[in-house]
Amino acid sequence: MTQDSPTAERLADASPAIDRVDEDELLPQLVAHLREHRSRLREEWANRIHRAHLLEAMTPQETTDETTSVYDNYVEVLETGSVEALQDYARDLSERIIPRGVETHEVVSIVLLLRDVLARSLFEKYQRDFDFLNRVLDAYEPAANRIANTVAVSFVEERERIIRQQQDSIRELSTPVLPVREQLLILPIIGILDTERARQLTEQLLTGIRTHRARVVVIDVTGAPEVDEAVANHLVRTVDASRLMGASVIITGLSPKIAQTLVTIGVDLSKMHTIGDLQGGLEEAERLLGYNSKQDGTAG
């Protein structure tokens, strides 16, 4: 908004007309003031961010771009009061800056710094009339606090979503279903196998069996140090579910501790086809699929 606008003209000569300003006109006047002095106030805010050692994971140009965007959206929300628009913006902001290493406390801090910078500007403008200044702050502070709370909550929610997404990606990477050859899959399990990961393992395996029309699956647990009773039972159910899908399961790499757990919980070992190591499991899988017989026939 330019200084030639009617609102800016009222701001330029606010003191004489101060008693005639209605409550509904307070926020529009504040917005006009904040837009008129945008460059100076944004620069002052950026300097305070720098002195507080915030957003140091971002480059100076990134910081400039984001603070400019935050300032403009902040003022727009003051004008419109649209919390939904602010939530959308806060989520977009979070998606951009969380991967750069920005922490939650930094986002909350910079928004509070902006609130204070703008409040100081309002104080300087209206300090000659404390009654009107109080009315101005009464209009500004609730809106500013609502903005700070909305941004903080949205940022935390987005961070939690990203963390869950990363955890899911890590689980998928740590339990890959690999097609070794036609109708043969291998599922190497590495790391701690908890109940949630065991459930995901079953889903991935059954999907892989259907996708690749697998007849034999080798589950290698060499990289799993131990499993508890609940996970061991889940492993047995995974074998049963795979059989229902038409695939035989060979388990390789059982450690003494895992073997002892299976015995202790009373697993029907007749359902478990186990081989000592992965190489032996693959050889057994190829025998079940008839690859060895085909090779022998070719050789003859």
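Peer 1: Give me the overall build of the protein chain: which residues, what numbers.
Peer 2: Looking only at helices and strands, the protein chain features 12 helices and five strands. Of all 300 residues assigned to the protein chain, the portion counted as buried reaches 41%. Within the protein chain, contacts between residues separated by at least 24 positions form 76% of all contacts whose residues are at least 6 apart in sequence. For the protein chain, the accessible surface area stands at approximately 16300 Å², while carbon and sulfur atoms represent 50% of it.

Peer 1: Residue-level account of the sheet that holds strand β3 (residues 216-223), with values.
Peer 2: Read across the sheet, five strands follow the order β1-β2-β3-β4-β5 without closing on themselves; strand pairing throughout is mixed. Of all strands in the sheet, those with a lone pairing partner are β1 (178-181) and β5 (273-275), marking the two edges. When strand polarity is set aside, the average angle formed by the axes of neighbouring strands in this sheet is 30 degrees. With five bridges joining them, β3 and strand β4 (residues 248-252) adopt parallel strand pairing. Each residue of the ladder has a partner; that of valine 216, found in β4, is serine 248. Helix-sheet contacts for helix α11 (residues 278-289) involve β1, β2 (184-190), β3, β4 and β5, and the interaxial angle to β3 is about 175 degrees.

Peer 1: Could you give an account of the packing of aromatic side chains, with specific residues and numbers?
Peer 2: The final tally for this structure, using the stated rule, is one aromatic pair. Measuring from centroid to centroid gives 5.2 Å for tyrosine 126 and phenylalanine 132, while their planes differ by 70 degrees, and the two rings are edge-to-face. Judged by relative accessible area, phenylalanine 132 falls into the buried class, the value being 2%.

Peer 1: Give a detailed account of the pattern of salt bridges, specifying residues and quantitative values.
Peer 2: According to the stated counting rule, one finds 12 salt bridges in the structure shown. We note a salt bridge from glutamate 62 to arginine 100, for which the minimum N-O separation is 4.0 Å. In this pair, glutamate 62 is assigned in helix α4 (residues 60-80) and arginine 100 in the loop between α5 (83-97) and α6 (104-126), connecting sequence segments 38 residues apart. Here arginine 100 falls in the partly exposed class, since its relative accessible area comes to 29%. Linking glutamate 203 and arginine 199 is a salt bridge whose minimum nitrogen-to-oxygen distance equals 2.5 Å. One end of the pair is glutamate 203 and the other is arginine 199, both in helix α8 (residues 195-212) and four residues apart, which spans about a single turn. Since its relative accessible area comes to 42%, glutamate 203 is described here as partly exposed. The exposure class assigned to arginine 199 is partly exposed, which follows from its relative accessible area of 33%.

Conventions we followed
Residues numbered from 1 in each chain as written. Predicted model: local features only at pLDDT ≥ 70, side-chain atom pairs only at ≥ 80, totals over all residues. Heavy atoms only, no water. Helix = DSSP H or I, 4+ residues; strand = E, 2+ residues; numbered from the N terminus. Buried < 20%, exposed > 50% of the residue type's maximum accessible area, 1.4 Å probe, protein only. Contact = heavy atoms within 4.5 Å. Areas by Shrake-Rupley, 256 points an atom, 1.4 Å probe, with all protein chains shown as cover. Pairing = 2+ DSSP bridges. Axes fitted to C-alpha atoms, helices over the stretch in contact; angles between N-to-C directions. Phe/Tyr/Trp six-rings, centres within 6.5 Å; stacked < 30°, edge-to-face > 60°. Salt bridge = Lys/Arg side-chain N within 4 Å of Asp/Glu carboxyl O.

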